[in-house]
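Each chain, written out:
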Amino acid sequence: MVRQLGELENAIMTRVWQWNRPVTVREVLLDLRSERDIAYTTVMTVLDKLHRKGWLRRERAGRAYRYEPVSSREAYTAALMNDAWATSDNPAAALVHFFGLMSPEQREALRDALRVAALSPSDPAAADSRRSGPESGSESGPDTGGTGSGPAR
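Residues numbered from 1 in each chain as written. Predicted model: local features only at pLDDT ≥ 70, side-chain atom pairs only at ≥ 80, totals over all residues. Heavy atoms only, no water.

Enquirer: Would you mind going over the overall build of the protein with me for this structure?
Expert: Secondary structure assignment for the protein yields 7 helices and 2 strands. Its helices and strands in sequence order give the protein the pattern α-α-α-β-β-α-α-α-α, from N to C terminus. For the protein, with 153 residues in total, the buried portion stands at 17%. Residue pairs in contact within the protein that sit at least 24 positions apart in sequence constitute 41% of those at least 6 positions apart. By element, 55% of the accessible surface of the protein is carried by carbon and sulfur atoms, the whole surface being about 11100 Å². (Helix = DSSP H or I, 4+ residues; strand = E, 2+ residues; numbered from the N terminus. Buried < 20%, exposed > 50% of the residue type's maximum accessible area, 1.4 Å probe, protein only. Contact = heavy atoms within 4.5 Å. Areas by Shrake-Rupley, 256 points an atom, 1.4 Å probe, with all protein chains shown as cover.)

Enquirer: Sorry if this is basic, but what is going on with the pairing of strand β2 (residues 64–69) here?
Expert: For strand β1 (residues 56–61) and β2, the ladder comprises 6 bridges, and the chain directions are antiparallel. By the bridge assignment, R58 is partnered in β2 with Y67. Between β1 and β2, which pair antiparallel and follow one another directly, the connecting turn spans 2 residues, one of which, G62, has a positive phi of 70 degrees. (Pairing = 2+ DSSP bridges.)

Enquirer: I'm lost on the packing of helix α2 (residues 25–32) against helix α3 (residues 40–53) in this one. Help?
Expert: When two helices pack together, their arrangement is captured by the angle between the axes and the distance separating the axes. Two elements in contact, α2 and α3, have axes separated by 9 Å at closest approach and are oriented at 120 degrees. Overall, the two elements α2 and α3 adopt an arrangement that is oblique. Remark: the crossing between α2 and α3 carries right-handed chirality. Touching V25, R26, V28, L29 and L32 of α2 are Y40, V43, M44 and L47, all from α3. Tallied by class, the residues present in the contact of α2 with α3 amount to 8 nonpolar, no polar and 1 charged. (Axes fitted to C-alpha atoms, helices over the stretch in contact; angles between N-to-C directions. Parallel < 35°, antiparallel > 145°, perpendicular 65-115°, else oblique. Left-handed = near helix turned anticlockwise from the far one by under 90°. Nonpolar A, V, L, I, M, F, W, Y, C, P; charged D, E, K, R; others polar.)

Enquirer: What am I meant to see in the environment of T45 here?
Expert: Along the chain, T45 falls in helix α3. When the C-alpha atoms of T45 and V25 are compared, they prove to be 9.4 Å apart, with 20 residues separating the residues in sequence. Within the local environment of T45, its side chain forms a polar contact with the backbone oxygen of T41, the two atoms lying 2.7 Å apart. (Polar contact = N/O pair within 3.5 Å; in protein donor to acceptor, adjacent residues only side chain to side chain.)

As structure tokens, then:
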């Protein structure tokens, strides 16, 4: 049952990101019914749960709500992976098993992500210490496509 709920949450979030606009329970329900038999109250409950988790915001539209995503698919996926990893009694072993499930392309993407993460520390002091040389006036580093969420300088 837990896996099915997670799959339903993912199916709903996928639709909300694809449509890229606020959606109602009825719109999601009608689209999901093309794949499975599902009740209105189930979709409503899952959308409400995603709202309470902070993944969707909602706004009243008459007697209903319109839901829209709070963040990107990538942030959602990262949080799911972090939550799953946190449930392990042995995180290192869980990672070894996870890496064993990855395709060569996924492992290469992981290597690329680790290189970017190593160049973009979340600790501002580490970033300052790397810029202490003669080139300290330049802002260099990978363009990760982010929104510049680091500290302002």
